[in-house]
Amino acid sequence: MSKRISATGNENPNKRRKSAAKEEEEKANDGDQEGPTQSQPCARDVSDAGIVESITLKNFMCHSLLGPFDFGSNVNFVVGNNGSGKSAILTALIAALGGNAHATNRGSSLKEFVKEGESAADVTVTLRNKGRDAYKPEVYGSVIIVDLRITREGIRTYKLRSKSGQVISTKKEELLSILDNFNIQVNNPVSVLTQEMSKHFLHSKDEREKYMFFMKATQLEQMREDFLSIKDTKQITEETIKQHSKCLKKLKQNYLEKEDCFKSLASLDEMHTKLEELQKQMAWALVAEMEKDLEPIKERLQVDRRSTEKYDEKVDEWKNKVDQAENKYKQLQEQLEEITQQVQDLQNKCAERKAESQKRNSLFKASEVTVHTCRASLRVLEKDKAQLSSRIKDLKLSISQKTGAKGHVRAERVEQIKAELENLNHQISTLGQQINQYQHVSISAKDEQEKMKREYMVLQRSIDANSRNLQIMEKSCSNQLQRFGEHMPALLNAIQEAHRKGQFKHIPRGPLGHLISLKDPEQALAVEVCLKGYLQAFTCDNYEDEKVLQGLMAKVFSGGQRPAIITSPFLPRVHDTRQRAVNHPQYPSVLQALEIDDPVVANCLIDQIGIERILLIKNRTEARRVMQGSNPPQNCSQAFSQDGDQIFKNRNYSSDQTRAKRLSVNTEDEIRHLKTTLENQEAQKVCFQKQMKKVDEDIKQNEALRRRAHVDQKTAKDKATKLELELTDLQNVEESQSEDLIVLEEELQDVVAKISDQCTEYEEAKAQLASLKADYEKAEQDYKQHKETINSIVEEADLIKDELSKSDQEVMKFKHHQKHYDDKRSAHLRSIQTLEAQLKSKEEEIEFEMNSFNLLIQASVAKATKICPERIDVRRTAKTLDTEITRLKVKISTKQGQQGDRKDIVKQYHGALENYKSMLEQVTNLKSFIKNLNSVINERVKVYAELRRSLSTRCKYYFYTMLTQRGCSGSMIFNHKNETLSISVQPFQDGTDLSDMRSLSGGERSFSTVCFVLSLWAITEAPFRCLDEFDVYMDLVNRRISMDMMMKVATGQHYRQFIFLTPQNMSSLPVTRNIHVLRLKDQEREKNDSQQRQNEDE
């Protein structure tokens, strides 16, 4: 508490004086007061800042949502059954206002307050900020909103918002300043008395604990700890003074030694004069050598100017390559457009073939109806034939009876053979139709089987791909690099190890997708489709680093595909793309949609893909309107929709990818989606397997039936041949027949003729049916061929698309190389300009040196010409002069070593003097500080003892007065020396001796506790008071008396807020504007949990 007081003392220096001033005023009015409820001086002038206006809980403890609960400014009752959330509200209030988990008595860590199954809990507390004690009202307004968020890991974060909802601060120091300004102490049991604290206090048998409760409630304990801290600081300061006193003696001795050296300095002017003369000659020698240094610069300048032509040739070479690549790109684009048109034409023809196939199918169905009609007519004629045959048989029987048994037997045998032949012919025809049907069904089933096998293989490949993606996504939960390949973490570790060994000049960057992040997660699929393989690519500064990286990849990716490597010089700044970048007022470019911290990565994507010229437009229709309208955006090469569709100015392509795999932000949703997809695909796979098994069984069954029909048909044909031969033999025997038999036989012949005609018609219908079937199958085959042609052309178009994409990348690569050599040529030209500038600077420097030298030697030249009229040039080289200057400096140094260097001696002397004065001043100040501190501590200790005596006296007075209201009496004995507090209570005025609280009933102890708490309320300051189930052990009488006392105290203090939490109904409360009752509904829980929580509360 001392740190918080010192931190905010400058903001409101009168805040801490309020309590002391009020105490003095209460002392003066003690004689006129009847009880503690009347000791409210100037109540209307006291600010009500700091009271709780509302509180809201979300996912806190076992509650999904509680609140918002609005509290009144005076008396508030939170009423509800056990488990309805009363204690959760108090716990949330303590946690939100800076209290720790132990202070709530509800857990050992804040993470235990997060509801099971949720990731975080949120608490919002609104504090009033009005009156003279308001905290920064010009910033926060009339209220201060405290938002607390507790994560599952136990991390607590704050947001302090103003009345308008604006976030003012997120620092806990600001919250502590607010609490200190309002004098809110959630860890003080007098301000917030939890159920567990009250229970512990009721059952406590230790008088020392009662005394500590009193000390903590009145903040005397904090004052005592501050005094002990000050005494420790005093001891440390005294030790520091002793150490500094010892050091002061050494500093004084050093100062006297340096003073002697300073006074004994001798002159070294002669050596210094000679040294200056040699330095002048050295200057002339350096000028001559500088003139010689100009020659290499001039030669290098000429060489660089000749090298410029080579750079020009390189730039022209890559420019030609760029033109060739662009021409190839245009050719591929035109070829793709032709194929697209061809596909459209084929699709129209395919539609015509499909219509023709449907028409042929209709004719085929109609012909089948005709065949069935003919077959029905044949059956009728066959029936007539059978009747006539029966009548002829009967007639022949009659004739045979007359002609004899031999003829009769022969006639019966003829009729029997004819009947058998007719049945056999019908059986052979039926078996032929069955064989054709079995063959047709078998062929169709085999085609269906092949089609299902292809679909099954596609499904299996999709399942394998999704399984790999699921494994990658699950591994990426712990390591995001797994999204870019299972070997990527090992590769990065190898790169880091190689970099530590110095194998790289510049450490490669990659994978590029790991080094970028999205500003809008909804654009993940569009950006991933746009960047494609570059997400896994690496970039190197030079080709030597590329070789090293390829070697590392060969070790890590031993059998799989390796990531691409892009080699380009690393630059410290991002390219200036303002001239060539697209700038749309509504839609961002890919460069604008990405957050890229590394300029090397940004430059690589700009050079390779041109992300500054690609727009991201979420709606597909809007993207086509923008790109393919009459006025497309300037500098825009293409656009991507949110679904991954690629839109150019004259064409567009759909994307096969439906979800982002590597740039997805929510890994859990992606894993959940993949698992659902795999489950669906596995179910589809099982269904496929069942269908394929059924088709295979049908094929085997049809083949078996077809083979059986072949055998039956062959057997029937052999039998029919034998019967025909036998019939011919029997018919050669001539017998006489009657006229009636002749008539019947003629009728039979007519019927047979009709049957023959009908068979002919039936065969024609069958032939027509076969022809129509062949036409239908031909039309269907033609339709399938057109469809396969379209598919092959589409595949060819896909290949051309890939070539087009490669060509586009090649164009970008050539442009990058062209830009590279442009930059090198520009750098080369700048180097030439730099050399020219250096040459000019050298010449100017030499000229300046000559002018300066002329000014310095004018006086010497005048004297020298009197002795020697001719000027003597300096023949010595700069090296020899430097050797002599060094020798002279050594000699001067040796001399100074004996006497000491003048500047060093002067500097050391002044430094020793300054150190001595500084240390002397520190020791003097510290001694003065200790003296004043002793005086202040003695005075403060006296005031502390007087304040402790005063507070204990007032506490005893209020406790006695409140017990008297129930007709009880009691006493409180403070032993400040032994730090104990003894409380004795006499239940009734019956003359019995006072007894300890432990001998009272539960209700009487609870009532005594209320009296003790109210007496502490009377001597302490706080904007609000909270009591949790204060009446849990009281009977009706004690509860009513305690309630009347607290209501009397609370309603008499309109400037304070009181919050009482109780499971009682409280329906007997009077209805006034100062009392606010908040009734909580029972939460939906299982019966066992409710009973268990109720037992714990009891």
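Residues take numbers from 1 onward in each chain, read along the sequence in its written order. Owing to the predicted nature of the model, reporting of local features is limited to residues with pLDDT of at least 70; listing and counting of side-chain atom pairs is limited to 80 or more, with chain, interface and lining totals taken over all residues. The basis for the side-chain values is all heavy atoms of the structure; hydrogens and waters are excluded.

Novice: Whenever I open this one, the overall build of the chain confuses me. Can you help?
Specialist: Think of it this way: any DSSP run of H or I at least four residues long counts as a helix, any run of E at least two long counts as a strand, and we number them from the N terminus. A tally of helices and strands in the chain yields 24 helices and 22 strands. Three exposure classes are used, based on accessible area relative to the maximum for each residue type with a 1.4 Å probe and protein chains only: buried under 20%, partly exposed in between, and exposed over 50%. Relative to its full complement of 1098 residues, the chain shows a buried share of 41%. Whether two residues are in contact is decided by their heavy atoms: any pair within 4.5 Å suffices. Restricting to contacts in the chain with at least 6 residues of sequence separation, those with at least 24 account for 75%. Of the accessible surface of the chain, which amounts to about 63,200 Å², a share of 49% is contributed by carbon and sulfur atoms. Areas reported here follow the Shrake-Rupley algorithm with a probe of radius 1.4 Å; residue values treat only the protein chains shown as occluding.

Novice: Got a minute to help me understand a negative patch on the surface in this structure?
Specialist: A cluster of like negative charges, contributed by Asp447, Glu448, Glu450 and Glu455, occupies part of the molecular surface. Residue placement: Asp447 occurs in helix H11 (residues 405–476). A relative accessible area of 48% means that Asp447 is categorised as partly exposed. Patch criteria: residues need more than 30% relative accessible area and no salt bridge. Like-charged residues are merged within 9 Å; nonpolar side chains of Val, Leu, Ile, Met, Phe, Trp and Tyr are merged within 5 Å. A side-chain nitrogen of Lys or Arg and a carboxyl oxygen of Asp or Glu constitute a salt bridge if their distance falls within 4 Å. Within this scheme the basic residues Lys and Arg register as positive and the acidic residues Asp and Glu register as negative, but His and the chain ends are omitted. Every charge is mapped onto a representative atom, which is NZ of Lys, CZ of Arg, CG of Asp or CD of Glu.

Novice: How should a positive patch on the surface be read in this particular structure?
Specialist: Taken together, the side chains of Lys354, Lys451, Arg454, Lys784 and Lys787 make up a positively charged region of the molecular surface. Of all the elements in the fold, those that place two or more residues in the positive patch are H11 and helix H19 (739–867).

Novice: Please clarify how the packing of aromatic side chains should be interpreted in this entry.
Specialist: Centre-to-centre distance and the angle between the planes together describe a pair of aromatic rings. Stacked, tilted and edge-to-face pairs are distinguished by plane angle, under 30 degrees for stacked and over 60 for edge-to-face with tilted covering the rest, among Phe, Tyr and Trp rings (Trp via its six-membered ring) whose centres lie within 6.5 Å. Inspection of every chain in the model, using the stated rule, returns 10 aromatic pairs. Pairing Phe77 with Phe1060 gives two aromatic rings, centres 5.2 Å apart and planes at 35 degrees, and the pair type is tilted. Of this pair, Phe77 sits in strand E3 (residues 75–79) while Phe1060 sits in strand E21 (residues 1057–1062), and the two are 983 residues apart along the sequence. Exposure class is identical for Phe77 and Phe1060. Each is buried. Between Arg651 and the ring centre of Phe648, over which it is positioned, the NZ or CZ distance is 3.9 Å. The rule is short: NZ of Lys or CZ of Arg within 6 Å of the ring centre and within 35 degrees of the ring normal puts a charge over the ring.

Novice: So what exactly am I meant to see when it comes to the packing of helix H12 (residues 488–500) against helix H14 (residues 543–556) here?
Specialist: Any two packed helices are characterised by the angle at which their axes cross and by the distance between the axes. Convention adopted: a line fitted to C-alpha atoms gives each axis, helices being fitted over their contacting stretch, and angles between N-to-C directions are expressed from 0 to 180 degrees. At a closest axis distance of 10 Å, the pairing of H12 and H14 adopts a crossing angle of 140 degrees. With respect to their mutual orientation, H12 and H14 come out oblique. When the axes of H12 and H14 are compared, the crossing they make is right-handed. Within the contact between the two elements, H12 uses Ala490, Leu491, Ala494, Ile495 and Ala498 and H14 uses Leu549, Leu552, Met553 and Val556. Residues are grouped as follows: Ala, Val, Leu, Ile, Met, Phe, Trp, Tyr, Cys and Pro are nonpolar; Asp, Glu, Lys and Arg are charged; every other residue, Gly included, is polar. In terms of residue class, the contact of H12 with H14 is built from 9 nonpolar, no polar and no charged. Angles below 35 degrees are treated as roughly parallel, those above 145 as roughly antiparallel, those between 65 and 115 as roughly perpendicular, and all remaining angles as oblique. By convention, the crossing between two helices is left-handed when the near helix turns anticlockwise from the far helix through less than a right angle, and right-handed when the turn is clockwise.

Novice: Can you help me understand unusual backbone geometry in this one?
Specialist: What you tend to see is this: most non-glycine residues have negative phi, and most peptide bonds are trans. Cis geometry marks the peptide bond from Gly67 to Pro68; its omega dihedral reads 5 degrees. Checked against the element boundaries, Pro68 lands in strand E2 (residues 63–70). A cis amide bond, omega -10 degrees, links Gly510 with the succeeding residue Pro511. Mapping Pro511 onto the fold places it in the loop between H12 and strand E9 (516–518). Unlike most non-glycine residues, Met61 shows phi in positive territory, near 55 degrees. Structurally, Met61 is set in the loop between strand E1 (52–60) and E2. The phi dihedral of Glu979 is positive, around 55 degrees, even though this residue is not glycine.

Novice: It is not clear to me how the sheet that holds strand E13 (residues 614–616) should be interpreted in this structure. Could you clarify?
Specialist: Strand pairs in the sheet, formed through backbone hydrogen bonds, run parallel or antiparallel to each other. Spatially, E13-E14-E15-E16 is the arrangement adopted by the 4 strands of the open sheet, whose pairing is mixed. Strands at the two margins of the open sheet, each flanked by one partner only, are E13 and strand E16 (652–653). Here 3 bridges tie E13 to strand E14 (residues 638–640), and the two strands are oriented parallel to one another. Among the inter-strand pairings, Leu616 is bridged to a residue of E14, identified as Phe640. Strand pairing is assigned whenever DSSP detects at least two bridges linking the two strands.

Novice: Any chance you could explain the sheet that holds E21 here in plain terms?
Specialist: The strand order across the open sheet formed by 5 strands is E8-E20-E21-E3-E22, and the pairing between neighbours is parallel. With one partner strand each, in any of the chains shown, strand E8 (192–193) and strand E22 (1075–1079) form the two edges of the open sheet. Taken together, the 5 bridges between strand E20 (residues 1024–1028) and E21 define a ladder with parallel strand orientation. From the neighbouring strand, Arg1025 faces E21, where its bridge partner is Phe1058. Running over the sheet, helix H3 (residues 86–96) touches E3, E8, E20 and E21 and is turned about 140 degrees from E20.

Novice: Any chance you could explain the environment of Glu544 here in plain terms?
Specialist: Turning to its location among the elements, Glu544 is positioned in helix H14. Taking relative accessible area as the criterion, Glu544 reaches 47% and is therefore assigned partly exposed. As for Glu544 and Gln503, which are separated by 41 residues in sequence, their C-alpha atoms are 9.3 Å apart.

Novice: Hey, could you run me through the side chain of Ser442 in this one?
Specialist: Its location among the elements puts Ser442 in helix H11. When near neighbours in sequence (up to four residues on either side) are disregarded, Ser442 contacts Ile699, Asn702 and Glu703.

Novice: Just to check I follow, could you spell out the confidence of the model for the chain for this structure?
Specialist: Residues shown with low pLDDT carry predicted positions that ought not to be read at fine detail. Confidence along the chain averages 76 in pLDDT terms, with 77% of residues attaining 70 or more. pLDDT measures the predictor's confidence residue by residue and takes values from 0 up to 100. When the criterion is pLDDT under 50, residues 1–46 qualifies, and its contacts beyond four places in sequence or with other chains add up to 65 contacts. Between residues 856–872, whose pLDDT stays under 50, and residues either more than four places distant or in other chains, the model counts 4 contacts.

Novice: What is the right way to look at the pattern of salt bridges in this model?
Specialist: When charged atoms on two side chains of opposite charge get close, those side chains can pair. Following the criterion strictly, the structure yields 22 salt bridges and no others. Where Arg500 meets Glu497, a salt bridge forms, and the shortest distance between an N and an O atom there is 2.4 Å. Linking Arg500 with Glu497, this pair stays in helix H12, spanning 3 residues, or about one helical turn. For Arg500, a relative accessible area of 60% corresponds to the exposed category. One salt bridge in this structure joins Lys618 and Asp520, with 3.0 Å as the shortest N-O distance.

Novice: Is there a simple way to explain the pairing of strand E6 (residues 156–161) in this structure?
Specialist: Within a regular strand, side chains alternate between the sheet's two faces. Across 6 bridges, the pairing between strand E5 (residues 143–151) and E6 is antiparallel. Paired with Ile150 across the two strands is Arg156, which belongs to E6. Hairpin remark: E5 followed by E6, antiparallel, with 4 residues in the connecting loop; positive phi at Gly154, about 90 degrees. What sits between the antiparallel neighbours E6 and strand E7 (residues 167–169) is a turn of 5 residues, in which Gly165 has the positive phi angle 95 degrees.

Novice: What is the right way to look at helix H13 (residues 524–531) in this model?
Specialist: For an α-helix, 3.6 residues make a turn, and residues three or four places apart therefore share a direction. Counting buried positions along H13 gives 8 out of 8 residues, so the element sits mostly inside the fold. Buried within H13 are the following residues: Ala524, Leu525, Ala526, Val527, Glu528, Val529, Cys530 and Leu531. Where H13 is buried, its residues meet E9, helix H15 (590–593), strand E12 (594–596), helix H16 (599–608), E13 and E14.

Novice: Just checking my understanding: could you explain the nonpolar core for this structure?
Specialist: Most often, soluble globular proteins have nonpolar side chains that are buried together. Core analysis: the largest hydrophobic core is formed by 48 residues, its most contacted members being Ile55, Phe60 and Phe71. With 8 residues, H3 is the largest single contributor of residues to this core. Phe60 has contacts with Ala88, Thr91, Ala92, Phe113, Ala121, Val123 and Ile150, leaving out every residue within four places of it along the chain. Put simply, a nonpolar core is a bunch of buried Ala, Val, Leu, Ile, Met, Phe, Trp, Tyr and Cys residues held in one set by side-chain atoms that sit within 4.5 Å of each other.

Novice: Is there a simple way to explain helix H8 (residues 207–217) in this structure?
Specialist: Among the residues of H8, those classed as buried are Lys210, Tyr211, Phe213, Phe214, Met215 and Ala217. Positive backbone phi, at 65 degrees, marks Gln219, one or two positions downstream of H8.

Novice: Teacher, can you tell me more about the environment of Phe814 here?
Specialist: With respect to the secondary-structure elements, Phe814 resides in helix H19. Sequence separation between Phe814 and Asp323 is 491 residues, and the spatial gap between their C-alpha atoms is 9.2 Å. Sequence-distant contacts of Phe814, that is, excluding residues within four places in its chain, are made with Trp318, Lys321, Val322 and Ala325.

Novice: Which parts of the structure should I look at to understand the side chain of Gln646?
Specialist: On the secondary structure map, Gln646 appears in strand E15 (residues 646–647). Since its relative accessible area comes to 16%, Gln646 is described here as buried. Under this definition, polar contacts are N or O atom pairs within 3.5 Å; protein pairs additionally need one hydrogen-donor-capable and one acceptor-capable atom, and for neighbouring residues in sequence, both atoms have to be side-chain atoms. Here Gln638 takes part through its side chain, which lies 2.5 Å from a polar atom of the side chain of Gln646.

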